[in-house]
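One-letter residues, chain by chain:
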Amino acid sequence: MITLICLVLVFCASYMLFKEYILALRGCEIKLKKIKDDPLFAILIPARDESLVISDLLDSLKKQTYKIKPSDIYIIVESKKDPTVMIAKKRKINIVYRKDLTKQRKGYALDDAVKEIIFSGKHYDAYFIFDADNVLDRNFLKEMVKSYKAGYDVGIGYRNTKNGNANIYAASSSLTFSMINTLGNNYKLKHNLCLTVSGTGFYIRGAILEDLGGYPFNSLTEDYEFSLYAVLNDLSTTYNTKAKYFDEQPTNYNLTIKQRTRWVKGYFSARAIYYQALKKKASLKDKNYPSVYTTLVGVKPFVLLVISLILYLANLLYQIIAKSIIKVSVISLVTQFFLILFIIYLSLVIFTGILLLKEKDNLRLERRMKIKVLFYNPLFLASYIKCLYLALKTKDLSWDKIPHSVNMSKGNDENK
C-alpha cells in the first residue's frame, strides 16, 4: 500500500513538472516599450543597526559609473540613536525613521520610505532595494539602466557572495541564490516567464509603487510576495547577470536554519494571500498563463517527491525493525535502505556539481571550498526538511534581524 502511495505521489510530481516544461516552451507574450531618457533612481536601504557594514555599500554607490546623488539615497532606521544615522548625516543622505515599531518586518520599513517619498511629491523612475550588507560592482547601475531602458518593470541583479569562503555554511547558503537565479531565473527569462525576486539587488518601476501608494508587501518574505503580485499583474521582469552585487551569508548552522525557516514560513503565508487570485487568473487564454501555472505549482512537485521518499524509507525501516524482532534476516532490507540514501545523496552531489559548473568562475569561491561544498551542500539541502517542519510547527514566526559584520577587502577588483 505504501509503495502504491509513493508511486502516485511520484506520478503527480512528474506530471506537474512535465506540464511546466511544455508550457515554458510556449512562453509568455511580453510587450516591452523602450525608453530613451536616462532614469532617475531612488536607492532604498533598510539599515537598522547596520553601522558595521553600511559604509561599504555607500562607498560602492559613490563609485558607480552611472552616478547617483546622495539626495536620492534613503536609509531606513528605527532610532535616532542608531550609529547608522551619523554615517548617513555625514554623507548628506536621507534618513527615514520608522513610523510604527510594532511592525518589525523589512516590508514595513520599505513601505514607510516609499510613502514618505511619494508624499514629498518627488517622482522616481525606479526604486532600487538593497540590504545594508550589500556591495555593488561599479557598473551595477550602468547595467541596470540598460534593463530599465529596454522597458522592464522589474530588474534583478546577479547576487554573489562576500564571505563564501568563510565556511561551508556560508558557501552553501550562497548557492541558494544560485539555484534561484542561475538555474531558476535564467531558465524563466529564456522562456519569457515572470521571474522570482530574491530579497535585494533589484529595482521596481516607480509608477508601479506610486499606483500602489507605497510598498504593501509585508509578509516574512516580502520579496516573494511581490513576485506573486508581479505574476498576477503581468509585470515584465528580467535578470541582468552583468549587474553584479555581493552580500554576506550566515556562517552559523543554527542561523541558517533560522533564516531558511523564516523563508519557508513566508513562502506559504505569501501564497495564502495570492493563491485564489492566481487560480482565477489561470486560463489557457491568458497571455501569462505559463507564468501563472508555474507559480501555482511552486515547489509542490519537490515536496511530493520528498514525502514519497520519506514514506518509502519509513516503510523500509519499519520492516527492518519488525523482522529484527522475529529474528529474520534483514540484510537485503538494510542494504536497500542505505542504497536509496546513497543514491539521493549522489544525485544531490551531481546537482551541486552542475550548479558550480554553470556558475563557472562567477562565484567568489576558492577551489578548496568548491570541493567542500560539493559534498556538503546535499546535507544543507536536506536540512530544508527540518526548516519545513519548524515552519509548520510554529504558528507565529517573528522577523528577526540577521547580524552583519563582513566588509569586502579594499583590493577587490570587482568594486574598484
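Keep in mind that what you see is a predicted model, and the values were worked out from it rather than measured.

Cut-offs applied
Residues numbered from 1 in each chain as written. Predicted model: local features only at pLDDT ≥ 70, side-chain atom pairs only at ≥ 80, totals over all residues. Heavy atoms only, no water. Phe/Tyr/Trp six-rings, centres within 6.5 Å; stacked < 30°, edge-to-face > 60°. Lys NZ or Arg CZ within 6 Å of the ring centre and 35° of its normal. Helix = DSSP H or I, 4+ residues; strand = E, 2+ residues; numbered from the N terminus. Contact = heavy atoms within 4.5 Å. Buried < 20%, exposed > 50% of the residue type's maximum accessible area, 1.4 Å probe, protein only. Pairing = 2+ DSSP bridges. Salt bridge = Lys/Arg side-chain N within 4 Å of Asp/Glu carboxyl O.

Draft legend 1. Focus on the packing of aromatic side chains. Under the counting rule described, the total for this entry stands at 25 aromatic pairs. The rings of Phe 41, Tyr 66, Phe 128, Phe 130, Phe 140, Tyr 148, Tyr 203 and Tyr 245 are connected pair by pair, giving a single aromatic cluster. Directly above the aromatic system of Tyr 97 lies the positively charged group of Lys 80, at a separation of 5.8 Å from the ring centroid. A cation sits over an aromatic face here: Arg 159 above Phe 177, 3.6 Å from the ring centre.

Draft legend 2. The environment of Val 264, seen in detail. Its location among the elements puts Val 264 in helix 9 (residues 253–281). Sequence-wise, Val 264 and Ala 391 are 127 residues apart; in three dimensions their C-alpha atoms are separated by 6.3 Å. Discounting chain neighbours no more than four positions away, the residues touching Val 264 are Tyr 384, Cys 387, Leu 388 and Ala 391.

Draft legend 3. Looking closely at the pairing of strand 8 (residues 237–247). A large share of strand 8 lies buried, amounting to 8 of its 11 residues. Pairing of strand 5 (residues 135–136) with strand 8, which is carried by 2 bridges, proceeds in the antiparallel orientation. Bridge assignment links Val 135 to a residue of strand 8, and that residue is Phe 246. Summarising the sheet, strand 6 (residues 154–161) and strand 8 pair through 8 bridges and their orientation is parallel. Within the sheet, the bridge partner assigned to Thr 161 lies in strand 8 and is Asp 247.

Draft legend 4. Geometry of unusual backbone geometry. At Lys 92, a position not held by glycine, the phi torsion is positive, near 60 degrees. The phi dihedral of Asn 192 falls on the positive side, at around 60 degrees, and the residue is not glycine. Residue position: Asn 192 is located in the loop between helix 6 (168–190) and strand 7 (202–205). Among the residues examined, Asn 192 registers a relative accessible area of 36% and is labelled partly exposed.

Draft legend 5. Local environment of helix 10 (residues 289–297). In terms of residue burial, helix 10 counts as a mostly covered element, since 9 of its 9 residues are buried. When helix 10 is considered as a whole, its buried residues turn out to be Tyr 289, Pro 290, Ser 291, Val 292, Tyr 293, Thr 294, Thr 295, Leu 296 and Val 297. Residues of helix 10 that are buried in the fold lie against helix 1 (2–26), helix 6, helix 8 (222–232), helix 9 and helix 11 (300–325). Just past helix 10, the residue Gly 298 takes up positive phi, approximately 55 degrees.

Draft legend 6. Main features of the pattern of salt bridges. Counted by the stated rule, this structure contains 14 salt bridges. Salt-bridge contacts for Lys 122 lead to Asp 72; the nearest nitrogen and oxygen are separated by 3.2 Å. Placement of the pair is Lys 122 in the loop between helix 4 (106–120) and strand 4 (126–129) and Asp 72 in the loop between helix 2 (54–62) and strand 2 (73–77), with a sequence separation of 50 residues. Look at Asp 72 and you get buried, because its relative accessible area is 4%. The salt bridge involving Asp 111 is made with Lys 115; its shortest N-O contact spans 3.1 Å. Pair noted here: Asp 111 and Lys 115 are both in helix 4, with a separation of 4 residues, about one helical turn. We classify Asp 111 as buried; its relative accessible area is 13%. Residue classification places Lys 115 among the partly exposed residues on the basis of a relative accessible area of 43%. What emerges from the salt-bridge pattern is a single network uniting Lys 106, Asp 131 and Glu 222.

Draft legend 7. Quick peek at the pairing of strand 2. Within strand 2, 5 of the 5 residues are buried, leaving the element largely enclosed by the surrounding structure. On strand 2, burial covers both faces: Ile 73, Ile 75 and Val 77 on one face and Tyr 74 and Ile 76 on the other are all buried. Where strand 1 (residues 41–46) lies against strand 2, 4 bridges are found, and the strand directions are parallel. Bridge assignment links Ile 43 to a residue of strand 2, and that residue is Ile 73.

Draft legend 8. View of the environment of Ser 198. Here Ser 198 shows up in the loop between helix 6 and strand 7. For Ser 198, a relative accessible area of 6% corresponds to the buried category. For the pair formed by Ser 198 and Lys 67, sequence separation is 131 residues and the distance between their alpha carbons is 25 Å.

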